[in-house]
Amino acid sequence: MRPVSLRLQGFGAFREPVELSFEGADFFALVGPTGSGKSTVIDAICFALYGSVPRYGDEKIVGRAVSLGRQEAKVSLTFDIGAQRYAATRVVRVRNGRATTSEALLERLDGTAGSHVLAGSAKEMKPAVERLLGLPFAHFTKCVVLPQGEFARFLHDEPAKRRELLGRLLDLQVYERVGQLARQRVSALDGTIALADRQRAELAHATPEARAEAERRERHLLALARTIDAARNEITALAAACGERAEAVERERTVVSALAGMSVPEELTSFASDLGRAEAADAEARRALDRARTGLAALETQVEALPDRGALERARDAHRALAELAARTEQARAAAAAAQEDRERAARAAADADAAVEAAQAALDDARAAHAAHALAARLTAGEPCPVCEQPVAVVPRRRAPAAVSGAQRALDAAKRRAASARRALDEANRALAQADAALRSLGEQEAAQRAAAGDHPDPAAVDAELARIETVVRAHAQARRAEQEARRRADEAAAALADLEARRREWSGLLARAREAFVRHGLEPPPPEGDVTRDWDALVSWCRSELARREEALAARETELADARHEHDAAVARVVAAARDAGVEPPGDDLDALRDRVLAAHGAAARELGGIDDAIERAAGIDREAATAREERTVAAALGQVMRSDRFPRWLMAEALEALVAEASTTLHALSSGQFSLRYGADDEFLVVDHANADETRSVRTLSGGETFQASLALALALSNQLAHLSAGGGTKLEAIFLDEGFGTLDAETLDVVAGTIETLGASGRMVGIVTHVPELAERVPVRFRVARTDSGARVTREEG
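Residues numbered from 1 in each chain as written. Predicted model: local features only at pLDDT ≥ 70, side-chain atom pairs only at ≥ 80, totals over all residues. Heavy atoms only, no water.

Trainee: It is not clear to me how the overall build of the protein chain should be interpreted in this structure. Could you clarify?
Mentor: Helix and strand counts for the protein chain come out as 18 helices and 15 strands. For the protein chain, the C-alpha radius of gyration of 59 Å lies well beyond 28 Å, the compact-globule estimate for 802 residues. Principal-axis analysis of the C-alpha atoms gives the protein chain an extent of 155 × 120 × 60 Å. For the protein chain, the residues scored as buried account for 37% of the 802 residues in total. Looking at the protein chain as shown, the accessible area adds up to about 44,800 Å², and 51% of this sits on carbon and sulfur atoms. Counting 108 positive and 126 negative side-chain charges, the protein chain places the centres of these two groups 6 Å from one another. (Helix = DSSP H or I, 4+ residues; strand = E, 2+ residues; numbered from the N terminus. Rg over C-alpha atoms; globule rule 2.2 N^0.38 Å. Buried < 20%, exposed > 50% of the residue type's maximum accessible area, 1.4 Å probe, protein only. Areas by Shrake-Rupley, 256 points an atom, 1.4 Å probe, with all protein chains shown as cover. Lys, Arg positive; Asp, Glu negative; His and termini not counted. Charge placed at Lys NZ, Arg CZ, Asp CG, Glu CD.)

Here's what the structure looks like:
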């Protein structure tokens, strides 16, 4: 996590809006006198993220953050985690003497794609920040804000206090919660096992013996259904035989009925005379149609020889349009001439106005040159050196602008307004002239188009005469077409009447043919047709009367055969019903389909009973498996709960954390001390220093000088900052920024020099390092300084480099 920028308003000493940019400030110092607000900058970073200030001693206090006399405090921090940028903003408002966080917003900034809100309220924001950084507020203030006076405490503390602090930072109580959860899991699994035992008892009926009995009954019913199917096939064959004989009887009855009902149609008596009259009318209508078609063809020849009527009409319309365009073109020429004159007047007026502006500007420059002292006084700033005498300006004199300069300025402004008005008038005249020219060109183009449309017909009178002749021929042609259509209609009506009679003859012939075909399908041989529909009908009726007596005898024989087949079918059905009763199934009457459905229903019930037993056996096996799994899980949870009851695991974890902490701190101290020192952790739980410049002598850290103690303490603090995120139960994010707040004023010159060198080495490590100090000797060695100063309107910050 690396801060990018910080904005404050109404927060502590910063009453007015202030913004600090940490871009390019990997190593910086917050400098200024005591009480100027240096530490408030660090407070603001903590408050923007967590809504709390470490110096207040209570995370819930927010009212102290609001500047005295203000009703609102706003802090916004922009920071990077890796390559991703975020922004945290909080606003505290005071209402009725009570301060609350009214706005809280955590955003992920996605560049040009906008932003994504991660938290939108104070309640949501704190846990969101803790998830993002991997650190709660208490851990963050020990990893980012490191007061110098607290470094040596961890280095020199008694082992018990050191372990207590490390235990709080590592959140070891989480493992106690793990033990509690494991023991709770044991209780839950005991309930699961007891439930499985009860469920298993409820399935005690699902035995292999019960399954065998159900399977035997299911197979017996299936065999009975198959027996009924076989008997039903025999009965179906007998029913089919009855059906065939019934169909034979029905066919004979149909033949007898057809023979008895055959007679000659009454319409055949007048058909011959009607057909003769229809043929004569059809011939006359055809001759009239031929005459009408000859007249129409002659007129169509005349129409085809006519000139293009559309071209003549377009030429007529073009001559009319040319007469109208001539008058409009004359008006357009007059308008264009007037627009040209207006444009020339506007151009002269604009040139005169520009000359007046130049003259007014020259007069203003002369007036300003004559009053140069007033212009110099206007650029003076209180506290800054005078450009003439180089002495600091105590008070800037208040002087009014000379009347000559003010008058010249007003004259210049008036001249510019008149010039702008003249230019607008010129632009308007140019537009009017352009519009007039465009209109004139458009009329010319229209005239050319109309002359092209007139084409080869320059004489309007000739065009009108030719159009009148065309109209006469077209009307005569239309009248001939109507006459031809009427003749064709009458011819169609005569032909339709004749066709209707022919259709009736074909209908009677078809009816005769269908009657003969019906007799042929029944195996009879009616007399063949001879071509005369009337005589053919008379011959067929005579044959039907002679054939009727023979077919009535055949019908009586077929009815006897049907009665014998039905008796055999009924006997077969009776045998099936008796077999079903012998099997213990009462049939519902003589309906074999209903009997079969009843047997199949009984078989389905038996099959479902068998399936239910199979499902119960399978469920019992699944319950046994789940119970076994629960018992195994209970064994593990019970063991884990027992292990977490003792302090052996926390002690082991504490030792691992100290080992990792000392290893990293030793590496850091070795680098900070230019290879002179490294750290070890002794058997008596005390820190030891290895002095590589003195034959690797090992001694207590309490023997180190002040500057050496600072180096060792800083190395431990940095290791604690880095390792805390990795060793704590919740995990965390790498922190790439650290702030050292005060604590340097009590160091002597030699120790201060060692501390300064140590901090410079830390600043060159790639981590953002910020220190808070009012010691000038230390501040001058930092490349970037944010100087904090109090003013009447609140604290101000100035960035200095070099």
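Now that the structure has been shown, the text picks up again.
Trainee: I keep staring at the pattern of salt bridges and nothing clicks. Help me out?
Mentor: Side chains that differ in sign of charge can pair as their charged atoms come close. The tally for this structure, following the rule as stated, stands at 37 salt bridges. Its salt-bridge partner being R85, residue D80 comes within 2.7 Å of it at the nearest N-O pair. By relative accessible area, R85 is classed as partly exposed at 30%. A salt bridge links D354 to R423, with the nearest nitrogen and oxygen atoms 3.2 Å apart. Taken as a pair, D354 in helix α9 (residues 309-370) and R423 in helix α11 (residues 403-454) lie far apart in primary sequence, 69 residues in all. Assessed through its relative accessible area of 33%, D354 is described here as partly exposed. According to the relative accessible area criterion, R423 is partly exposed, its value standing at 40%. The network of salt bridges with shared partners includes R211, E215, R219 and D614. (Salt bridge = Lys/Arg side-chain N within 4 Å of Asp/Glu carboxyl O.)

Trainee: Please explain the packing of aromatic side chains as it appears in this structure.
Mentor: Within the structure shown, the criterion is met by eight aromatic pairs. On the basis of an interplanar angle of 65° and a centroid distance of 5.1 Å, the ring pair of Y681 and F687 is categorised as edge-to-face. The exposure class assigned to F687 is buried, which follows from its relative accessible area of 0%. An aromatic cluster of at least three residues, connected via ring pairs, comprises F22, F28, F739 and F786. (Phe/Tyr/Trp six-rings, centres within 6.5 Å; stacked < 30°, edge-to-face > 60°.)

Trainee: Looking at this model, I keep getting lost on unusual backbone geometry. Mind explaining?
Mentor: The phi dihedral of S674 is positive, around 60°, even though this residue is not glycine. One can find S674 in the loop between α15 (648-672) and β9 (677-681). Of the residues examined, S674 reaches a relative accessible area of 70% and is grouped as exposed. Phi at D696 takes a positive value of approximately 55°, unusual for a residue other than glycine. D696 sits in the partly exposed class, given a relative accessible area of 46%.

Trainee: Explanation requested: the nonpolar core in the structure shown.
Mentor: Inside soluble globular proteins, nonpolar side chains tend to come together where they are buried. Membership of the largest hydrophobic core comes to 54 residues, with the highest contact counts inside it found for L6, F11, L20, F28, L49, F79 and F786. Per element, the largest residue contribution to this core is nine residues, and it comes from helix α1 (residues 38-50). Every residue in contact with F79, bar those within four places of it in the chain, is listed here: M1, R2, P3, V4, L49, Q84, R85, Y86, A87, A88, L106 and L132. In terms of nonpolar packing, the next biggest core, distinct from the first, is built from 34 residues, V689, L716, L720 and V782 among them. (Core = buried A, V, L, I, M, F, W, Y, C linked by side-chain atoms within 4.5 Å. Contact = heavy atoms within 4.5 Å.)

Trainee: Is there a simple way to think about the sheet that holds strand β11 (residues 697-700) in this case?
Mentor: Working definition: the strands of a sheet are paired by backbone hydrogen bonds and lie parallel or antiparallel to each other. Read from one edge to the other, the open sheet built from three strands follows the order β9-β10-β11, with strand pairing classed as antiparallel. In this open sheet, the two edge strands, each paired with only one partner strand, are β9 and β11. Put simply, the sheet's adjacent strands are angled 35° from each other on average, direction ignored. Direction of pairing for β9 relative to strand β10 (residues 687-691): antiparallel, over a ladder of five bridges. (Pairing = 2+ DSSP bridges. Axes fitted to C-alpha atoms, helices over the stretch in contact; angles between N-to-C directions.)

Trainee: I keep staring at the sheet that holds strand β5 (residues 84-95) and nothing clicks. Help me out?
Mentor: If you walk across this open sheet you meet the six strands as β2-β1-β4-β5-β6-β7, and the pairing is antiparallel. Here the strands that pair on one side only, and so sit at the sheet edges, are β2 (18-21) and β7 (115-119). Each adjacent strand pair in this sheet contributes to an overall mean axis angle of 20°, direction not counted. Of the strand pairs in this sheet, strand β1 (residues 2-9) and strand β4 (residues 72-81) are connected by seven bridges, and their pairing is antiparallel. Across the sheet, S5 pairs through a bridge with T78, a residue of β4.

Trainee: What is the right way to look at the side chain of T78 in this model?
Mentor: Mapped onto the secondary structure, T78 falls in strand β4. The exposure class assigned to T78 is buried, which follows from its relative accessible area of 8%. For T78, the residues in contact, after removing those within four places along its chain, are P3, V4, S5, R7, R85, Y86, A87 and L109.

Trainee: So what exactly am I meant to see when it comes to the packing of α9 against helix α12 (residues 460-521) here?
Mentor: A pair of packed helices is captured by two measures, namely the crossing angle of their axes and the spacing between those axes. Relative to each other, α9 and α12 sit at 145°, their axes nearing to 10 Å. For the element pair α9 and α12, the recorded crossing hand is left-handed. Across the interface between the two elements, R309, L312, E313, R316 and H319 of α9 pack against P460, V463, D464, E466, L467, I470, E471 and V474 of α12. A per-class count over the contact of α9 with α12 returns six nonpolar, one polar and six charged. (Left-handed = near helix turned anticlockwise from the far one by under 90°. Nonpolar A, V, L, I, M, F, W, Y, C, P; charged D, E, K, R; others polar.)

Trainee: What is the right way to read the pairing of β7 from this model?
Mentor: Successive side chains on a regular strand alternate, one facing one side of the sheet and the next facing the other. The pairing of strand β6 (residues 98-109) with β7 spans four bridges and is classified as antiparallel. In the strand pairing of β7, L109 is matched with S115.

Trainee: Any chance you could explain α11 here in plain terms?
Mentor: With 52 residues, α11 ought to run about 76 Å at 1.5 Å a step, and its terminal C-alpha atoms sit 77 Å apart, in line with that. Following α11 by one or two positions, G455 has its phi on the positive side, about 60°. (Expected span 1.5 Å × (residues − 1).)

Trainee: I'm lost on the environment of R185 in this one. Help?
Mentor: Following the sequence through the fold, R185 ends up in helix α6 (residues 173-202). Residues R185 and G641 lie 456 residues apart in sequence; the distance between their C-alpha atoms is 9.2 Å. Residues within four places of R185 in sequence aside, it is in contact with E633 and A637.

Trainee: What am I meant to see in the pairing of β11 here?
Mentor: In the sheet, β10 pairs with β11 via four bridges, with the strands oriented antiparallel. In the strand pairing of β11, V689 is matched with R699. Hairpin connection of β10 to β11: five residues between the antiparallel strands, including A695 at a positive phi of 60°.

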